[in-house]
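Next come the chains, spelled out residue by residue.
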Amino acid sequence: ESHAPLTRACAAHMSALFDFKSFITTVLLFICTCTYVKLRAPTLLDAHRTGFRGVFWKASRIGERLSPWVGVACMYMAAQTLFGF
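On a predicted model such as this, the values are computed, not experimentally measured, just so you know.

**Some details on the packing of aromatic side chains**
Thought 1: Counted by the stated rule, this structure contains two aromatic pairs.
Thought 2: For the ring pair phenylalanine 30 and phenylalanine 56, a centre distance of 5.5 Å and an interplane angle of 50° mean the geometry is tilted. Separated by 26 residues along the polypeptide, phenylalanine 30 in helix α2 (residues 20-40) and phenylalanine 56 in helix α4 (residues 54-65) bring together distant segments of the chain.
Thought 3: Here phenylalanine 52 and phenylalanine 56 contribute two aromatic rings whose centre-to-centre distance is 5.7 Å and whose plane-to-plane angle is 90°, an arrangement assigned as edge-to-face.
Thought 4: On the basis of relative accessible area, phenylalanine 56 is assigned to the partly exposed category, the value being 29%.

Below, the structure is given as structure tokens:
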């Protein structure tokens, strides 16, 4: 209990990589954004399937193939953010 103020101070400065809810939200937004970019401008992602730029292509592929599941996850995260489940 003597570390409670320190714990609250550290929690206030956590990045999205250390908070699970924020991490999942960031990953979902990344997948949705990459999928949207690929649908609007496919040449931006199709030419770069390997290396660092391949991560964007892979994320768009996940969004295309698992779109119902990604959509459900996005709606769940939105409800959790808005209503605090």
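Read on for the rest.
**Topic: helix α5 (residues 67-83)**
Thought 1: Helix length check: α5, at 17 residues, gives a terminal C-alpha distance of 24 Å against a target of 24 Å (1.5 Å per residue), a fit within 8%.
Thought 2: For α5, the set of buried residues is Val70, Met77, Ala79 and Gln80.
Thought 3: Buried residues belonging to α5 abut α2 and α4.
Thought 4: Of the residues trailing α5, glycine 84 is marked for its positive phi of about 65°.

**A word on the environment of serine 60**
Thought 1: Here serine 60 shows up in helix α4.
Thought 2: A residue is classified by how much of its surface remains accessible, and serine 60, at 0% relative accessible area, is buried.
Thought 3: Taking the C-alpha atoms as reference points, serine 60 and cysteine 34, separated by 26 residues in sequence, lie 4.7 Å from one another.
Thought 4: If we skip the residues at most four places from it in the chain, serine 60 touches Cys34, Thr35, Lys38 and Leu45.

**Structural notes on the nonpolar core**
Thought 1: Core analysis: the largest hydrophobic core is formed by six residues, namely Leu28, Ile31, Cys34, Ala59, Val70 and Met77.
Thought 2: Secondary structure elements with two or more residues in this core: α2 and α5.
Thought 3: Considering every element that reaches this core, the biggest residue donor is α2, with three residues.
Thought 4: If we skip the residues at most four places from it in the chain, alanine 59 touches Phe30, Ile31, Cys34 and Thr35.

Conventions adopted
Residues numbered from 1 in each chain as written. Predicted model: local features only at pLDDT ≥ 70, side-chain atom pairs only at ≥ 80, totals over all residues. Heavy atoms only, no water. Phe/Tyr/Trp six-rings, centres within 6.5 Å; stacked < 30°, edge-to-face > 60°. Helix = DSSP H or I, 4+ residues; strand = E, 2+ residues; numbered from the N terminus. Buried < 20%, exposed > 50% of the residue type's maximum accessible area, 1.4 Å probe, protein only. Expected span 1.5 Å × (residues − 1). Contact = heavy atoms within 4.5 Å. Core = buried A, V, L, I, M, F, W, Y, C linked by side-chain atoms within 4.5 Å.

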